[in-house]
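So you can see what is in the structure, the chains are spelled out below.
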Amino acid sequence: MEKRMLGKTGFTIAPVMFGGLVNTNESQDDADRFVSYAVGRGVNYFDVAPAYGNAEERLGVALAPYRKDVYLASKTMKRDAAGAKEDLLASMKRLRTDYFDVYQLHHVHTESDLETVFGKGGAMETLLWAQREGLVRKLGITAHREWCALKCLDLFDFDTVLYTMYWVPGVLRGLGDKLAAAAKEKGLGFLCMKVLTHRDWAEDETAPSKRQWYKPIEFGSPLALAAMKYSLSKGAASLVGPGFFAALVYMLDYIDEAVANPLSQNDMELLKAEAVKAADLEFKIEEV
């Protein structure tokens, strides 16, 4: 895969990233296999979080042989400085690393989150402390709500933003367009998740696992490829798919095609037509 710059970070990363949720509740042997496969395919950005169950422990072991050659990111959902520091140090221990390339405020979601995180004694104090101490190289946020992400970018000059670039509300209502424009203007590393989301499960459908709380697009379909192109067209440096291995394999198989043949008018017509069909069962991306 052709690497691309992650905004102003100076990092050059593959257009598909490894989402640590892939390793959650998997055996260590399987986690080792997933990571080895990803590295062999050119993946060099790995993102994980304490919120993903035992994913950090699994990734720490699996990534050990490759740590010096890849970028590693983790996150904290703690809103206070003390809790964020506890999270950071525990994540470093589980991931067997003495620094993070990117450390993020995870799932900043409400006005209360903003007030606490950026207020006195808030988690932002820990992120700045960790950066001064050399424990963290770059700082970022992850968000599902566009308005909240935009407020974070107004409050601090972050390096990266990981956002849910879901194409259904994107093509129907322009959701995510303001954040994509702000990321470009500020030179941020723009990372996109939920790229292969299709819709919520219908009442007569059963999710195959707890990690599939939404229905993914059928892999190998024109719609899946168009959805990847959609996020790339918004300026994404790298994409992450649903949290299971088959999704990672699909994205790695088709990312070169998505990059080489950018979003076309035919792709947009397909996305719009499918978005209208999915609208009644649209995954409420800003509510989770």
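Here, every reference points to the structure presented above.
Since the model is a prediction, treat every value here as computed from it, not as a measurement.

Cut-offs applied
Residues numbered from 1 in each chain as written. Predicted model: local features only at pLDDT ≥ 70, side-chain atom pairs only at ≥ 80, totals over all residues. Heavy atoms only, no water. Axes fitted to C-alpha atoms, helices over the stretch in contact; angles between N-to-C directions. Helix = DSSP H or I, 4+ residues; strand = E, 2+ residues; numbered from the N terminus. Parallel < 35°, antiparallel > 145°, perpendicular 65-115°, else oblique. Left-handed = near helix turned anticlockwise from the far one by under 90°. Contact = heavy atoms within 4.5 Å. Nonpolar A, V, L, I, M, F, W, Y, C, P; charged D, E, K, R; others polar. Core = buried A, V, L, I, M, F, W, Y, C linked by side-chain atoms within 4.5 Å. Buried < 20%, exposed > 50% of the residue type's maximum accessible area, 1.4 Å probe, protein only. Polar contact = N/O pair within 3.5 Å; in protein donor to acceptor, adjacent residues only side chain to side chain.

J.: When you look at the packing of helix H1 (residues 28–40) against helix H2 (residues 55–63) in this model, what are you seeing that I'm missing?
T.: Helix-helix packing is characterised by the crossing angle of the two axes and by the distance between the axes. Between H1 and H2, the shortest axis-to-axis distance is 9 Å and the interhelical angle comes to 60 degrees. Judged on the interaxial angle alone, H2 and H1 are oblique. Considering the relative orientation of H1 and H2, their crossing is right-handed. Together, Gln 28, Ala 31, Asp 32 and Val 35 of H1 and Glu 57, Arg 58, Leu 59, Val 61, Ala 62 and Leu 63 of H2 make up the contact between the two elements. Class assignment of the residues belonging to the contact of H1 with H2 gives a composition of six nonpolar, one polar and three charged.

J.: Explain the nonpolar core here, please?
T.: Considering soluble globular proteins, one finds that nonpolar side chains tend to be buried as a cluster. Within the largest apolar cluster, 84 residues are counted, with the highest numbers of intra-cluster contacts made by Phe 18, Phe 46 and Trp 167. Per-element tally for this core: the top contributor is helix H9 (residues 222–233), with eight residues. Excluding residues within four positions of it along the chain, Trp 167 makes contact with Val 195, Thr 197, His 198, Ile 217, Leu 223, Ala 227, Tyr 230, Leu 271, Glu 274 and Ala 275.

J.: What is the right way to look at the side chain of Arg 79 in this model?
T.: Residue position: Arg 79 is located in the loop between strand E5 (71–76) and helix H3 (81–94). The class of Arg 79 is buried, set by a relative accessible area of 14%. Engagement of the side chain of Arg 79 in a polar contact is seen with the side chain of Asp 113, the distance being 3.2 Å.

J.: What is the right way to read the environment of Glu 205 from this model?
T.: Examined against the element boundaries, Glu 205 turns out to sit in the loop between strand E10 (197–199) and strand E11 (215–216). Placed 10 residues apart in sequence, Glu 205 and Lys 215 show a C-alpha to C-alpha distance of 9.4 Å. With residues near it in sequence (within four places) discarded, Glu 205 still touches Arg 199, Asp 200 and Lys 215. A distance of 2.9 Å separates the side chain of Glu 205 from the side chain of Arg 199, its partner in a polar contact. A polar contact is formed between the side chain of Glu 205 and the backbone nitrogen of Ala 202, at a distance of 2.7 Å.

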